[in-house]
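# Descriptive analysis of the structure
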Amino acid sequence: MQDFLTRLDRQSLKAISFDLDDTLHAYRNAASAAMDAVYVYIAEEYGRSPESLHTAYADILANAQSLHFTEDKPAREYRRSRFDALLQHFSIVGLHDTENCLDIYQDALDANMVPLPGAKEALVAANEAGLTTLVVTEGPTDAQQHALELLGMAPLVTHLRTSSQTGLCKEGGLYQHVASELKIPGSQILHVGDNPERDGRAAKKAGWHALIVGKDDNRYGLPHIAELSELTDWLNKNPAPAAMRRGI
């Protein structure tokens, strides 16, 4: 990590981009808790075991995520189709069960959504360094905007761009689209994310710099940091040129 940041020309950067789920907040944990709440509801109402519900939903989710949320529709509609499929799998035809599942899921998701260590500090440091601060993520736009607002991060983000909004996944042109739209060369953007394929290789293929945060995976040979605090330290030690800070 130190070698990568040492070599990276801070003064040439105009923007820093962050993935959202499992980069800025612990999405997997929150989503797991939300689904557990849904399983409990269905188990109590219809006597299906949480284990069987979990197994069936895993298959439904794997098929649903193959498009990487490239359809322009709200998160509730994405979830509705999945919960409909889950209930139908178990021949459950309650009149309001899908709506109840949707409400239970959202309430539990919000209750369990927390920022990852150093996330807010990294956003603050990026802003103070005079960088355009992006969140580039795959997911429904309304859900990603809601997450940023709930976490108190929305004021720290200059632009949010999603696969749902653009119709493009990360490996299918999202990075190129964002750079073109914002008129910032990819060589002047650093993207930070947790997924080596979608946040690492795909960003580099688009000409962006890429930095992976979280568990190290040596298979990919990508620059890596354990926590966002390491990025914050680098930003704080490498301030923007005075002209950039003055907005010139």
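In short, a report on the structure. Just so you know, these numbers come straight off a predicted model, no measurement behind them.

What follows is about the packing of helix α3 (residues 50-64) against helix α4 (residues 75-89). Helix packing for two helices is described by the angle between their axes and how far apart those axes are. Between α3 and α4, whose axes approach to 10 Å, the crossing angle comes to 140 degrees. When the interaxial angle is binned, α3 and α4 end up oblique. The way α3 lies across α4 gives a crossing that is right-handed. For the pair formed by α3 and α4, the contact residues are L53, A56, Y57, I60, L61 and A64 on the first element and R82, F83, A85, L86 and H89 on the second.

Taken in spatial order, the six strands line up as β3-β2-β1-β4-β5-β6 in an open sheet, and their pairing is parallel. In this open sheet, the two strands that pair with only one neighbour each are β3 (159-162) and β6 (224-225). Here strand β5 (residues 209-213) runs beside β6; their pairing, made up of two bridges, is parallel. Residue pairing for β6: I212 is matched across the bridge by H224. Here helix α7 (residues 141-150) sits on the sheet in contact with β2 (132-137) and β3, set at roughly 145 degrees to β3.

Per the stated rule, a full pass over the model turns up twelve salt bridges. Residues R198 and E138 are paired through a salt bridge, measuring 3.0 Å at the closest nitrogen-oxygen approach. You can see R198 sitting in helix α10 (residues 196-205) and its partner E138 sitting in the loop between β2 and α7, a full 60 residues away along the chain. The exposure class assigned to R198 is partly exposed, which follows from its relative accessible area of 28%. Among the residues examined, E138 registers a relative accessible area of 12% and is labelled buried. A salt bridge links E197 to R201; the shortest N-O distance between them is 3.5 Å. Placement of both E197 and R201 in helix α10 is noted, with a separation of four residues, approximately one turn of the helix. Given a relative accessible area of 28%, E197 falls into the partly exposed group. The exposure class assigned to R201 is partly exposed, which follows from its relative accessible area of 44%. Put simply, R76, E77, R80, E99 and D103 are held in one network by salt bridges that share partners.

Where helix α2 (residues 27-46) meets helix α5 (residues 97-112), the closest approach of the two axes is 8 Å, and the angle between their N-to-C directions is 145 degrees. Where α2 crosses over α5, the handedness of that crossing is right-handed. Contacts between α2 and α5 involve Y27, A30, A31, A33, A34, M35, A37, V38, Y41, I42 and Y46 from the first element and D97, N100, C101, I104, Y105, A108, L109 and N112 from the second. Partitioning the contact of α2 with α5 into residue classes produces 16 nonpolar, two polar and one charged.

On to the packing of aromatic side chains. If you walk through the whole model with that rule in mind, you get four aromatic pairs. Pairwise contacts between aromatic rings join Y57, F83 and Y105 into one cluster. Taking the ring centre of Y78 as reference, the NZ or CZ of K73 above it sits at 4.8 Å.

Counted residue by residue, β5 has four buried out of five residues, so it is predominantly covered. Pairing of strand β4 (residues 189-193) with β5 involves four bridges; the strand directions are parallel. Counterpart to L190 in the pairing with β5 is H209.

Conventions we followed
Residues numbered from 1 in each chain as written. Predicted model: local features only at pLDDT ≥ 70, side-chain atom pairs only at ≥ 80, totals over all residues. Heavy atoms only, no water. Axes fitted to C-alpha atoms, helices over the stretch in contact; angles between N-to-C directions. Helix = DSSP H or I, 4+ residues; strand = E, 2+ residues; numbered from the N terminus. Parallel < 35°, antiparallel > 145°, perpendicular 65-115°, else oblique. Left-handed = near helix turned anticlockwise from the far one by under 90°. Contact = heavy atoms within 4.5 Å. Pairing = 2+ DSSP bridges. Salt bridge = Lys/Arg side-chain N within 4 Å of Asp/Glu carboxyl O. Buried < 20%, exposed > 50% of the residue type's maximum accessible area, 1.4 Å probe, protein only. Nonpolar A, V, L, I, M, F, W, Y, C, P; charged D, E, K, R; others polar. Phe/Tyr/Trp six-rings, centres within 6.5 Å; stacked < 30°, edge-to-face > 60°. Lys NZ or Arg CZ within 6 Å of the ring centre and 35° of its normal.

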